[in-house]
Amino acid sequence: MIDKDNLSLHISQQFNAELEDVRSHLLAMGGLVEKQVNDAVTALIEADSGLAMQVREIDAQTNQMERSIDEECIRILARRQPAASDLRLIISISKSVIDLERIGDEATKIAKRAILLCEEGESPRGYVEIRHIGEQVRKMVQEALDAFARFDADLALSVAQYDKTVDREYKTALRELVTYMMEDPRSISRVINVIWVLRSLERIGDHARNIAELVIYLVRGTDVRHTGLTRQKPAGEAAADETPVQD
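Remember, it's a predicted structure, so these values are computed and weren't measured experimentally. (Residues numbered from 1 in each chain as written. Predicted model: local features only at pLDDT ≥ 70, side-chain atom pairs only at ≥ 80, totals over all residues. Heavy atoms only, no water.)

Let's shift gears to the packing of helix α1 (residues 13–45) against helix α3 (residues 84–120). Running from N to C, α1 and α3 point in directions that differ by 20 degrees, and their axes come no closer than 9 Å. By the angle between their axes, α1 is roughly parallel relative to α3. Handedness of the crossing formed by α1 with α3: left-handed. Its residues placed into classes, the contact of α1 with α3 shows 22 nonpolar, five polar and three charged. (Axes fitted to C-alpha atoms, helices over the stretch in contact; angles between N-to-C directions. Helix = DSSP H or I, 4+ residues; strand = E, 2+ residues; numbered from the N terminus. Parallel < 35°, antiparallel > 145°, perpendicular 65-115°, else oblique. Left-handed = near helix turned anticlockwise from the far one by under 90°. Nonpolar A, V, L, I, M, F, W, Y, C, P; charged D, E, K, R; others polar.)

If you look at the biggest cluster of nonpolar residues, it comprises 71 residues, and the most contacted ones within it are L44, I130, L198 and L201. At the level of secondary structure, the elements contributing two or more residues to this core comprise α1, α2 (49–80), α3, α4 (127–150), α5 (153–183) and α6 (188–220). For this core, the leading source of residues is α6, giving 14 residues. Residue contacts for L198: discarding those within four places in its chain leaves E129, I130, I133, Y170, A173 and L177. (Core = buried A, V, L, I, M, F, W, Y, C linked by side-chain atoms within 4.5 Å. Buried < 20%, exposed > 50% of the residue type's maximum accessible area, 1.4 Å probe, protein only. Contact = heavy atoms within 4.5 Å.)

Let us look at the pattern of salt bridges. This structure, assessed with the given rule, holds 13 salt bridges. Salt-bridge contacts for R80 lead to E18; the nearest nitrogen and oxygen are separated by 3.0 Å. Here R80 is found in helix α2, whereas its partner E18 is found in helix α1, with 62 residues between them in sequence. Note on E18: relative accessible area 13%, which makes it buried. (Salt bridge = Lys/Arg side-chain N within 4 Å of Asp/Glu carboxyl O.)

Take a look at the structure:
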């Protein structure tokens, strides 16, 4: 088990600084991506095409941050040949940055739909669901990043588990919107835009879950992807004490 007090205490202070720098850059990118999600949803709800354009413009910045962090990780791997918790940290960062970039892509898609809805006229249905699910996934992203910053596996587990709630609410909203389109075919074009927005929000929740699972891997050394999530114990504690959690 690792935490921020015992991670990466090296003779080389430069190595410590490199690890802290790349982690800080990941969290900075995460903050920007979280803002993209929030602004994209706000732009759609408030029919603010100017804000939607700002979200689209930020996408180039997040792409550049992804490339820079990738280069940092490669340099550390090549020069330092990290092992154990240091290697897990670099792997977790290099994978998390991919999910952050994809969250930014989904926020950009939402912004594009917001601009279309500004031009075509607001959808008659779906904005309540967008606001609600949008806040849920924004909070998932925020808490996944908080878990990364604090090496908090328990918080990460809560984020990963919450993805199931978002999936259920997305499916419920989808059924209601499809029924509405069948009753009022004139609304199809605008409601479809809303459905694509909800799909992007659901995908953002998936990426937040991925980041949370990487935090669990980083802290506990256990890969929980594609498995039932459990409250993992630190190495050395009795496995029999683990409490299964419904995935």
